[in-house]
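Coordinate analysis (summary)
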Amino acid sequence: MKFVIKFIREALGRIIILIDLITRPRKQKRSPEAQAKVEAELNSYSLYQFYACPFCIKTRRALHRLNLPMQKRNAKQGSQHRTELLNGGGAVKVPCLRIQKDGQDTWMYESSEIINYLEQKFA
């Protein structure tokens, strides 16, 4: 039974990923200088995610639309990134945006909150 549920979840995740690829929005246009500035600032950001998670896909779509080439870290079972997420953020819940600023880490867990933050900061 557990195998069947895992298979269904994986299959649905793959279908959502395919739909995402087909319907992907256009990237935001910036001047090369402005894009370089955004990319430099993104060095202190990372997105912890699962590949087929619908909320992670929603967040990645926003990253694509906003033209934010951010580091993505897969928090799958047994990975170093999963341990970082648990130890730093306090929970293995994705998507999670990690913002490193002035030696402090901020962990943001809700996809809508992450997207709103990124839109206000980079749109």
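Everything that follows concerns the structure shown earlier in this document.
Residues numbered from 1 in each chain as written. Predicted model: local features only at pLDDT ≥ 70, side-chain atom pairs only at ≥ 80, totals over all residues. Heavy atoms only, no water.

1. What to know about the overall build of the protein chain
A count of helical and extended segments in the protein chain gives 5 helices and 4 strands. Oriented by its inertia axes, the alpha-carbon framework of the protein chain measures out at about 55 × 35 × 20 Å. The buried share among the 123 residues of the protein chain stands at 34%. A total accessible area of about 8100 Å² is found for the protein chain, and carbon and sulfur atoms account for 56% of it. (Helix = DSSP H or I, 4+ residues; strand = E, 2+ residues; numbered from the N terminus. Buried < 20%, exposed > 50% of the residue type's maximum accessible area, 1.4 Å probe, protein only. Areas by Shrake-Rupley, 256 points an atom, 1.4 Å probe, with all protein chains shown as cover.)

2. With respect to the side chain of Ser46
Mapped onto the fold, Ser46 is located in strand β1 (residues 45–49). Here Ser46 falls in the buried class, since its relative accessible area comes to 1%. Sequence-distant contacts of Ser46, that is, excluding residues within four places in its chain, are made with Met70, Gln71, Arg73, Cys96, Leu97 and Arg98. (Contact = heavy atoms within 4.5 Å.)

3. What to know about helix α3 (residues 54–65)
Spanning 12 residues, α3 covers 17 Å between terminal C-alpha atoms, matching the ideal 16 Å at 1.5 Å per step. All buried positions along α3 are accounted for by Cys56, Ile57, Thr59, Arg60, Ala62, Leu63 and His64. Against the buried residues of α3 lie α1 (2–22), β1, β2 (71–74) and α5 (111–122). The first or second residue beyond α3 is Asn67, which carries a positive phi of 60 degrees. (Expected span 1.5 Å × (residues − 1).)

Everything listed here is a matter of coordinates, which is why it stays silent on function.
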